[in-house]
Amino acid sequence: MRAVTWQGRHKISVETVPDPEIVNPRDAILQITSTAICGSDLHLYDGYIPGMRAGDIVGHEFMGEVVEVGSGSTLKKGQRVVVPFTISCGSCFFCEKQQFSACDNSNPSETRDASELLMGHAMGGAFGYAHLTGGYAGGQADYVRVPYSDVGPVIIPDDLPDDDVLFLSDILPTGWHAAVNADIEPGDTVAVWGCGPVGLFTIQSALLLGAGRVIAIDHFPARLRLAKQLGAEILDYKQVDVREALNEMTGGIGPDACIDCVGMESHGFTPDNILDQVKAQYYSVTERPHALRQAILACRKGGRVSIPGVYGGFADKFPLGQLMEKGLTVKSGQTPVQKYTGQLLKMIQDGKFDTTSLVSHHAPLEDAAEMYRHWHGEQNEYTKIILKPGLEKGAIEAKKEMAHV
Amino acid sequence: MRNFFSPSAGRGTPDPLALAAVGAGLAFAGIGYAFWRRMRNAETDRDDIATDAPHWTLDKPSARALFGKSLLVNRPRTDLFAAWKVERFPEFMENVVAVEPLGGGTARWTIKGPMGREVHLVNSITESIENETISWQSEPESEIANSGEVRFADAPAGRGTYVTLILAYDPPAGKLGRLGAKLLQREPEVQARRDLHRFKQLMETGEVTSSASPSARKSESPVEPHI
């Protein structure tokens, strides 16, 4: 089959690799119909996530048709399913508590040692995301093997097109989880750093969960425009001092909840970020957490900080005293996707979410290398890319040419 | 070499070499201090201080390698005790080639060692308490002298069972040999820890977890697990 592979920093190539096979009874094999490139794939692309090996198949946002099942799978051939990026067994202590992303069994015994060494406890397994999370092949490919297929995959009714439901795999539940973690009270002011796909779903989720207003922060005009369309007030940090603006918009107290949808590669020409950039060049730090530092300083006393943004290791100049003195509550973590998929699928069917206006491009799997370059370098024009194994090489569709806009 | 404080170093920019020297000095001082603390601690008689730490976690110098690992398994104690039997070992003990019962609770084990070698152990069960513990001790003809114990205890709040595996052995080539075996991933501690995880996976999910999947690396098969 053809698959998108990571070959090193800023090196992505589409290669012919062996087809996946059923290994365990609960496995299923999918033929991929749609697979998106995630913001967190850029952390792999930039080489900041430890534990990648040349030749790894990437991609953790995917859906497709069931083509083969093991004896323990509850899926049937021909079903259309969306697969959560988190691999979860459904029966360990963590899965029973619905903390699916912390699954204690999905990271195999061979790979969990390194993960345990780095994090203190081994992370749960995930598709296409480094060997610290199991080294499972990802879904940016013609086919993928799905372990524990009786627990994760969401069966999709025939009348829902791929674009409406694909994001159940990661970014919609991640945005929802980010807003849930912000413990929003009715009428709250919620500030969201980053208007990438997760940020845009966080904005929608915060409003659905009762926020009075959402203030979104970014610097790409196209992304800020999308945020505004979805009901957020917007701040371009190139035009204002974000903390001053947030204070002035909230009578001096600051937002009740601050959500960092940026993660480890903050943009911005600020002294702390420049220093982080220099250190990151020499791998003396992995984190460039400017947005998180700002969120902690901006948050009101006694407020909540939610961190869906991905971080990989140790951070410098973390405002710990500020966190403590202001009495902030912090919640974070990889999303327990399986906890939310049923509820969110229903909400999609009820028209509660705009899942399509952020999609800027459909592209063939074969053009993945080019798409990663655009996704990395042209974040204003490329707001979300969906790869389609079915499309002929070169058949790239930009938003204005797509049927649904 | 430029003077750290001289104006020629340029507007207060520290000389990287000088900084490195300061850093190395600090690290050296830190290591010295740690040794000094350790020596002082060794002089103090601590035996009268009670501890609730499991004995295998205590930092005690010994020529034997001692290792213990405890895992929460979300299944009743009786199920797990029943599953911990020789006939099922090949399902989760990856490094065990064969277990040959010799009668009277004694068995001859063939285990994968470093660099394709096989190691033969002869172990006898010294105690077995239903649903609680199984202990063993090696016989003189065993190639590696070892003893161990597996314990099953109820976890609190209905969470299942704490399964604990404790293993002590005389490393055939001393501490260095043990380190080498660890690097080759064929050291009993590494093997036992991984086997215990496989036991947990098998008991909780019905299968041993595998990330076996395709990659663009020619040497790998899509059905074999790889690191």
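Residues numbered from 1 in each chain as written. Chains lettered and ligands numbered in written order. Predicted model: local features only at pLDDT ≥ 70, side-chain atom pairs only at ≥ 80, totals over all residues.

A.B. asks: Explanation requested: the overall build of chain A in the structure shown.
C.D. replies: Scanning chain A for helices and strands turns up 13 helices and 19 strands. Seen through its principal axes, chain A has C-alpha atoms that stretch 60 × 50 × 40 Å. Relative to its 405 residues, chain A shows a buried fraction of 56%. Within chain A, contacts between residues at least 6 apart in sequence are counted, and of these 73% link residues at least 24 apart. (Helix = DSSP H or I, 4+ residues; strand = E, 2+ residues; numbered from the N terminus. Buried ≥ 20, exposed ≤ 12 C-beta atoms within 10 Å, placed from the backbone. Contact = placed C-beta atoms within 7 Å.)

A.B. asks: I tried to follow the sheet that holds strand β13 (residues 233-236) of chain A on my own but got confused; where do I start?
C.D. replies: Sheets are built from strands paired through backbone hydrogen bonds, the pairs being either parallel or antiparallel. Residue and element names in this part refer to chain A. One open sheet holds the 6 strands; their spatial order is β13-β12-β11-β14-β15-β16, and the pairing between them is parallel. Where the open sheet ends on each side, the last strands, each with one partner, are β13 and β16 (329-332). Neighbour to neighbour, the strand axes of the sheet diverge by 20 degrees on average, direction disregarded. Direction of pairing for strand β11 (residues 189-193) relative to strand β12 (residues 213-218): parallel, over a ladder of 5 bridges. Counterpart to valine 190 in the pairing with β12 is valine 214. This element, helix α7 (residues 221-229), spans β12 and β13 of the sheet and lies at about 175 degrees to β12. (Pairing = 2+ DSSP bridges. Axes fitted to C-alpha atoms, helices over the stretch in contact; angles between N-to-C directions.)

A.B. asks: Mind showing me how you'd approach the packing of helix α3 (residues 109-119) of chain A against helix α5 (residues 188-205) of chain B here?
C.D. replies: In helix packing, the relevant descriptors are the interaxial angle and the interaxial distance, both defined with respect to the helix axes. Relative to each other, α3 of chain A and α5 of chain B sit at 115 degrees, their axes nearing to 9 Å. Classified by the interaxial angle, the pair formed by α3 of chain A and α5 of chain B is roughly perpendicular. The chirality of how α3 of chain A crosses α5 of chain B is right-handed. When α3 of chain A is examined against α5 of chain B, the residues Ser109, Glu110 and Arg112 of chain A are found in contact with a partner set consisting of Arg194, His197 and Arg198 of chain B. (Parallel < 35°, antiparallel > 145°, perpendicular 65-115°, else oblique. Left-handed = near helix turned anticlockwise from the far one by under 90°.)

A.B. asks: Can you help me understand the domain arrangement of chain A in this one?
C.D. replies: One frequent convention defines the size of an interface as the accessible area lost when the parts assemble. Residues and elements named next belong to chain A. As far as domains go, chain A holds domain 1 (2-170 + 336-401) and domain 2 (175-332). The interface is formed by 19 residues belonging to domain 1 together with 20 residues belonging to domain 2. Elements supplying a minimum of two residues to the side of domain 1 that touches domain 2: α1 (39-45) and α12 (337-349). Split by residue class, the side of domain 1 that touches domain 2 holds 7 nonpolar, 7 polar and 5 charged. (Domains from an automatic or database assignment. Nonpolar A, V, L, I, M, F, W, Y, C, P; charged D, E, K, R; others polar.)

A.B. asks: I would appreciate a short explanation of the environment of glycine 394 of chain A in the present structure.
C.D. replies: Looking at the secondary structure, you find glycine 394 of chain A in the loop between β18 (385-388) and β19 (397-398). Through-space distance from the C-alpha of glycine 394 of chain A to that of glutamate 366 of chain A is 8.0 Å; in sequence the pair is 28 residues apart.

A.B. asks: Looking at this structure, how should I read the nonpolar core?
C.D. replies: Proteins that are soluble and globular tend to have nonpolar side chains buried together. Of all hydrophobic cores here, the largest spans 122 residues; its most connected members are Leu30, Val190 and Val192 of chain A. When residues are assigned to domains, this core turns out to be shared by domain 1 (2-170 + 336-401) and domain 2 (175-332) of chain A, each giving three or more. Apart from the residues lying within four places of it in its own chain, the contact partners of leucine 30 of chain A are Gly64, Glu65, Val66, Val67, Val81, Val83, Tyr143, Val144 and Val146 of chain A. In this structure, Phe81, Phe92, Ala192 and Phe199 of chain B belong to the second largest nonpolar core, which totals 16 residues. (Core = buried A, V, L, I, M, F, W, Y, C linked by C-beta atoms within 7 Å.)

A.B. asks: Would you mind showing me how to read the domain arrangement of chain B here?
C.D. replies: The domains assigned to chain B are domain 1 (7-42) and domain 2 (56-205). Computed over C-alpha atoms, the centres of domain 1 of chain B and domain 2 of chain B are 44 Å apart.

A.B. asks: Honestly, the sheet that holds strand β4 (residues 56-57) of chain A in this entry has me stumped. Any pointers?
C.D. replies: Residue and element names in this part refer to chain A. Pairing in this open sheet of 3 strands is antiparallel, and the strands run β2-β1-β4 from one edge to the other. The open sheet is flanked by β2 (11-16) and β4, the only strands paired with a single partner. Two elements, strand β1 (residues 2-8) and β2, share 6 bridges in a ladder whose sense is antiparallel. Each residue of the ladder has a partner; that of glycine 8, found in β2, is lysine 11. Against the sheet, helix α13 (residues 368-377) engages β1 and β2, with an angle of about 160 degrees to β2.

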